[in-house]
Structures are given as C-alpha cells and as structure tokens.
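Structural overview for review
Chain residues, written in single-letter form:
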Amino acid sequence: MHSLFPTFTRASQNMGEICAFKIHGVEAPFEAVVLNGTSGEGQLRARGLVDCELQKEYTFIIQAHDCGAGPGGTGGKKSHKAVVHIQVNDVNEFSPVFREGQYHAAVTEGKIYDSILQVEATDLDCSPQYSQICNYQITTGNTPFAIDRNGNIRNTEKLSFDKQRQYEVLVTAFDCGQKRSSESVAVHIDVKPVCKPGWQGWNKRVDYEPGTGSKQLFPKMHLETCGGPLSSVRTTVELQTSHIGKGCDRETYSEKSLQKLCGASSGSTDLLPGPSTSTNWTASLLTDSGRDSDLIFRFDGRQAAKIPDQVVPQNLTDQFTIATWMKHGPSPGVRAEKETLLCNSDKTEMNRHHYSLYVHNCRLVFLLRRDFTQVDTFRPAEFHWKLEQICDKEWHYYVINVEFPVVTLYVDGVTYDPYLVTDDWPIHPSQIDVQLTVGACWQGGEVTKPRFTQYFRGSLSGLTIRPGKIESQKVISCLQACKEGLDINSLESLSKGIKFHFNPAQSILVMEGEDLENMNAALRKVSYINSRQFPTPGIRRLHISTSVQCFGEDTCVSISDIDAVVMVLQPSEPRITMTGADRLTRPAADLSGPTGLALFQDLHIISTVTKGDATSRRPGRPEVQEEVIHNLDYCDMLVLGEELRPELESLQLKRSALLGKHLDATNSTSGMSIYGVDSMSNYEQVIRQVRYYNWHPAQIPDRKFRLTCSELNGRYTSNEFTLEVSVLHKSEAGEHINHMVVPPQYMQVVHHPAMIHNMYPTHSSGVPSAATVVIVICIAALVGVVVLGIYRIHLTHQQEGRSSDTSKEGELDWDDSALTITVNPMESFQEPQGAEEEASEEDDDDEEEEEDDITSAESDDSEEEDIPGKPKVQQDSKRVQINWDNSILTY
C-alpha cells in the first residue's frame, strides 16, 4: 500500500482566488485540498490506505473553482478539467508459496534424467519485481539431485535400486525481491529397478516332505513383460532327475519282486543277480550300489561274466523277451567296436553267435540266428535301431519282444520298429555246447586261446530273459514307471484357454496360452509329487524356459530361463521288528509227523518310526515311536550251522499259502526265501505256515533258524530273529512217564490212546479176548498196589511226625520196601491191544505232547530191555523206584 500527496497550481492568472478543487468520475479514494488560494496551489491525497494487490492504478478528472466576484462567492468560475493518473507502487510483503503440499516422482535405476519433475511456487505481490519467483533451492544436503531456476529437479548421478529405493528432498523458493518462502516443500523420489521381462515371485528352493502328496512349486509366481502387449506365451517346466537312481525315483525292489508286483509272466531268468553262494557268476563284476540298494553293474571294457549252464534257458522258442536297464555313452573312435550286452555263442571249436544283443556306433543291434529246419532259406537275423537314447549317458529301460520273425523294441515304454532288418542263413545243428555271457562275447573256437571279445562299456541292471512269452506294454510301463514327477493341482479349474502336455515320464510339462493372467494362474498350479512312501532324499533340479510372441512380430520380449531345486527331505526310517517264541522244545513225533512243526506260529511283524525330527526333540524326553504300515519285499529263513540234510529233514510251505498274494518262495538246503512286494500282515500269514520236518530227530536233535525281513531290497532291514528248535530227550520224556505212579487224580494221562499206539506201532487189528482180560486184571492189581502204598505212607507220617529226621529215614526205607514188591504188570505182554482200546475211550486229545514224549521214552527203554544177561525185573524195579521217589516228593 502507498499514499500519494501531489501538489498542483492553477494555470490562469486572470482568475481570482482559488477556493476549491473537485474530483469528477468514479469514486476514488483520494481528495484534493487548497494549500494557497492566491497562488492556486493545492494537494491531492488519499483518504485511506491504498492496496496495490487490489488496484495498481487510478485515473480521474480534477477541476479548480475560484471564489467568485459577487457577495457570498457567487458567480465563481471553473477551470478546465485535468486528467489525473495515479500508479500505486508495490512493497514486497508476501512470501512465495508452493502450489502442492508435497511432490512425488518415480525413476528407473541406472539412468540420468534431464528433469524428474518440476516444482512451482507463487507470490501474491502485485508487482513483477516481487510477485515473480526468481530462484529455487534444495535445502537437503548430500543428495544426488539438483534444481534449476524454473523448479526442474534432475539427478546428478545414476541411482541404484539396491543401494537406496527412495529419496526425500526439501525445496525452497525465492521471489525476485529475494524474499524466501516461509515453508519448504518435500519431494519424494522412488527408485525402481530396471524393468527386466521375466518370471518374478518364485523361490529358488522348495522343500518336499515325504508322504505329503503334491507340493506347489510356484504359488506366487508371475510373468513381468514391462507393459508390452503379448499375443501368446509358451512355457516349459522340466524336472531333472537323471542323477537319482536309474533316471528318476523308481521302486528299488529286486527284479523278481518288481515283476511279481507288475504282473509279469513267470519264468524269467535274472542274468545279473546280486552276488551270493548260489549266484556267484556276478561276484567278479564291478558294482555301483548307487542309492537305495539299487543294484547296478558297471562295465569298463574289461569285465564279463559266464552264465552257468544250469541257469541258461535251453529253448527260447519263437516267443521270448529280453529286458534290461542300460546307461551308455558314445564310444571312442570313428568306427567303434561292437559292445556286447548279451551273447550266446559256441563254447568250443567254432565261433558262431546264436543270439546276441550289442551296441555298435550308437545303434542297438539284436542278432538272432535260428537253427536249421526243413526249409533252408534266408531268414531275418539282424535287427537294427538307431536312437538318441542309446548314447545319451542316461538310464533307459530296453525291452525286446520277439515273436519271430517280428521283433519289437520298447524304450522307456515307447515302441520302436527296427529301421533295418538283414537276413542270413540259419545255423546248422551241431553237438557243440553253447556259452551265454554278459558284458562280452565268448570266442571259444578259431583262436589259439579261448577268450572274451567285444567288451561292453557302460552300466547294466536287471538284465532278464524270459522264454516262451512276451511282455505286454502295460507290464513294461509298470516296470519302468517313475514314482516322481510334475503334476497340476485342481486340473478342472484350469482355464480353457490353456493348452498343456506332459511327456510319458511326467518330467516335462509344456503350457501355452494367449492371456497372460491365465498363464500366471496356470503356472501357480504346477506341483511336484512323489508317490513313494520312502523316497530317495536329495535335490531335484527344475528348469523353466519361456518364449513370448507379440502382435505382428515373431518375438518381442526375451524371457530369461530360471533354475530352481526341489529338496526331497530325508524320510523317517522305519524300524522293522519281529517278535515271537525264540525257543521251541517239542517231542520227536511233532517233528516227524504228517503236519511237521510250525516254526513261527506266533510271529508278529511291526514297523515304527520316531515321531518328530531331531531338532524338535528335547533332551531327556523319551522318543515317541509311532507305528507305520508299509510293504516288505522279502523274508529269508536261513539255517544256522550245517545245511539241511534232505534225506533227514526239510522246510516246507504249501503253495496254497501264497494264493491271492503277491508272494513267491524258493527253498533250498540253506533255508527258505519268501519274496514279493506285499503287506507285513500277508508276510506274517505265510511265514506262520512254514513247517519243519525232521524224520530222524535222534540224529539231528537241535536246529537254529534265523529270520530277517527287508523293505526296498535291503534299504531297511528288520532285526535278526533267531529260533532254536530242540527235540525232547529221553530223560525229559521219562519224567513225563513217571506221572503214572502219582495219586489217582493224575492217572488219566496213562491211558492216552496215541501213547499206546506209538509204543506199539506194529499191532494188528484183531486182539484175543483173553489178552484183554489179563491186561485189565493187571491194571487193577497195579492200582491196588498204589492204593496200599499211599495208605502205608499215611500211617508212617502219623507214627513218626514228631521226629522229622527219623521220619525221613523211615520213609526212605519204606519206599525201598514198597519198591521191592512192585512189579511191572505190563512186562509179560508184548502187544496189549485191549488196553489200548480201553485207554482210547478214557483220554482227551489235548495231551498229544505228553503222549509223544512218553512214546519216545518207552521206545528208548525197550531197547535197554534187550540187553543180554540183565534181568528184566531188576530193570523194572529200578524204574519204579525212581518213579516212586518222584511221586513222594511231588505228593
């Protein structure tokens, strides 16, 4: 605001004295006063404060009036009108003010910007000098930013998202009068990473807990395309498991158990079994157990094995199957030698190959030379396949089904026809023996020294040959099936616009779609699954590759491949425990009878795992065992000590015990083996039915057996359960017979029909009635003697009760006298058939063990009675004396 007080004078000298000035026009906040009427000097002044911000200038008309000639000033005159222009000068009373309370901006790392954003301030002063902003300034120190006079902020260096993701700087403004803004403004600058098209929101490691089913691999993953419009996305997810077992996590049961589990035809011969006393031809080969007891044989070009003649199938017929796991790489050299997996050639004299399977220059060749028949013509003899799998250094399952003249190859369950078939003449019959070999071919003729040739370099496992039958594709797929792979959760909820495809092993998944969000949702459903109860622990690698297409272009955005891992955690190891009776003492008749002896009748098999992991267990707190149910794949009953003597003893199992179960059994003089993938309860049922027969227990009175069971081909084994079997000796049997002379309440054991039958095994069906009468009279006499003896003992106890020592001596004397009058009423009869019939009506069937013991003892005593020169009465007297003493002690 500013007030003006200008002065002015009249222009005319003819006029009289000036009395006033008048302002005409719009109402203006000014007034004019006369300072000197004579001279006409006056002054223009404001009636109040004027404000430049309200009005910068004023324009109005002013006119002077004289005092006039007449009385009272009448008749005065006016001057001409003058225009007055007044300009209000401004003062710097206002500070600059920013238009925004705060500012925000975002920049991408790694770039230098000319202007990130512009700040703007205003000033309410009216003059250009004070209302214009002449300068901006950043008041925050040590920042990589600068600002110019127009308020443009720029970065002075490249920003890094990893170093600092957000900056806050304060900015102030100055007007041209150098008046500073009263408040600074905050500017927020966010640093964003460089937009790289690719998958985001995924974890490099996914832990898999065994037994949890399927596990999502990418629950939060999405594809960043940096705003580019896309027409289609194609993604491939690959699960890499070549380092696990034979190419992936498969069941590691023995070859026999797997074939039984998959329903394969019986009669196959395992040419590469584990080394043992009965399968010793693989003992010299190099083994690579790998993991999980997977039996693998490694050939380095110097090892081979001869298959024993008794193992080799003699007649392959026109239908047979050869199957094997093979891992093989390229052979060195331009023209590599043949590498033989299996060869059947002449053992001596000649060098003819009857059939063989070999690799040559990454081609698989099967040679089959048929024997000469009535028609001597060319026949298909060599079948060639050229496949990438043969030399890719990975495990593959090869099956050759022969239905001569048609030969079909299966590799990992996929069929391949030979690309080349060559014919040859059949082989003429001869009397030369043949030799089957694995890992090389035997050259027994046409050389100075017989030797192996055409060695194989690679790894083999599960090499089998089955004559007479070929395997179905269903069985082949089962034998090589992977138990781990990729899966899609909630397949029914997958968008219809998504196309997907699995390879047969479910290790590769290809997904394709046009909508990005649908593709993101589909990839989040991809999961890993392992159906094994005890999977192989360790790393499985994941590889994800993606290609993107834009509208009108072949490719527009490059998406980098990503790699992750699935970590399969260590499963809780089961503890397989077998319990039951560890000692059996039985009469000889039990072992030699028609039913034999059930060795493991009360066997129980359970399996437990320790609940919780090692990190969660507290010191001092006992481990919690939790019972689990799983399969077994074999149980071995081994004979400890000398092997079984087939003419004297054997182990037997009825075939009916195996019906309805995935089990089979082998038997030998060293023991019995039950194998097949089946439940623990089924193994229990079968083992309980194994019976031991001993037809001459006197020669082999004791036996020991050891039982062990396994899951996953020995990966988890049970405790060693040892069972002792003993035959009751005759001294023990004599103690059972001694009960014949105890008081009457124990008399029923004497009359067991089986006892009498066993004592006299050669009796005839017809018995004279006189013999029956005599036996009855003798038994009655014996009972009378026993009653008399008891009565006399009772009298002796009454008379000599006060002196125990004297009583004992007298009692012993009484025993001797009693024994002198006791005779064996059975002595004079060799075949008391009538007594047997009477006894059979009085006894129960529950006393077979006691009766057999007695049979063994009587049989032995009868041999003593034949000793020449020894009176029978004395022998009987001694026997009764012992029995009588026992009865007194018991009584």
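Residues numbered from 1 in each chain as written. Predicted model: local features only at pLDDT ≥ 70, side-chain atom pairs only at ≥ 80, totals over all residues. Heavy atoms only, no water.

1. What about the nonpolar core?
- Counting residues in each nonpolar core, the largest one holds 55 residues, and the members touching the most others are Leu-599, Phe-600, Ile-605, Ile-674, Ile-687, Tyr-692 and Leu-707.
- Those residues within four positions of Ile-687 in sequence are excluded, and the remaining contacts are Phe-600, Leu-603, Ile-605, Cys-635, Ile-674, Leu-707 and Cys-709.
- Of all hydrophobic cores here, the second largest spans 39 residues; its members include Leu-357, Leu-409, Val-438 and Leu-460. (Core = buried A, V, L, I, M, F, W, Y, C linked by side-chain atoms within 4.5 Å. Buried < 20%, exposed > 50% of the residue type's maximum accessible area, 1.4 Å probe, protein only. Contact = heavy atoms within 4.5 Å.)

2. Looking at unusual backbone geometry
- Backbone torsion omega between Phe-404 and Pro-405 reads 10°, so that peptide bond is classified as cis.
- Looking at where Pro-405 falls in the secondary structure, it is placed in the loop between β30 (395–403) and β31 (406–411).
- With a phi angle near 70°, Glu-349 is a residue other than glycine that sits in the positive phi range.
- Tracing the sequence through the fold places Glu-349 in the loop between β26 (339–346) and β27 (353–360).
- Note on Glu-349: relative accessible area 59%, which makes it exposed.
- Even without being a glycine, Asn-361 presents a positive backbone phi close to 55°.
- By secondary structure assignment, the location of Asn-361 is in the loop between β27 and β28 (363–368). (Helix = DSSP H or I, 4+ residues; strand = E, 2+ residues; numbered from the N terminus.)

3. Brief notes about empty space enclosed by the protein
- For the coordinates displayed, the defined rule picks out five cavities of 30 Å³ or more.
- What the second largest cavity holds in volume is close to 60 Å³.
- The wall of the second largest cavity is formed by Ile-322, Ala-323, Thr-324, Met-326, Leu-341, Leu-357, Leu-364, Tyr-398 and Ile-400.
- Of all the secondary structure elements, the ones that give two or more residues to the lining of the second largest cavity are β25 (319–327) and β30. (1 Å grid on protein atoms, 1.4 Å probe; cavity = no way out; pocket = protein on both sides within 12 Å on 5 of 7 lines; lining within 4 Å. Points joined across faces, edges and corners; volume = space filled by probe spheres on them.)

4. Notes on the packing of aromatic side chains
- Counted by the stated rule, this structure contains 16 aromatic pairs.
- Plain terms: the ring middles of Phe-30 and Phe-60 are 5.8 Å apart, the flat faces sit at 25° to each other, and that makes the pair stacked. On the criterion of sequence distance, the pair formed by Phe-30 in strand β3 (residues 30–36) and Phe-60 in strand β5 (residues 57–66) is long-range, its members being 30 residues apart.
- On the numbers, 6.2 Å between centres and 55° between planes, the contact of Phe-600 with Phe-721 is tilted. (Phe/Tyr/Trp six-rings, centres within 6.5 Å; stacked < 30°, edge-to-face > 60°.)

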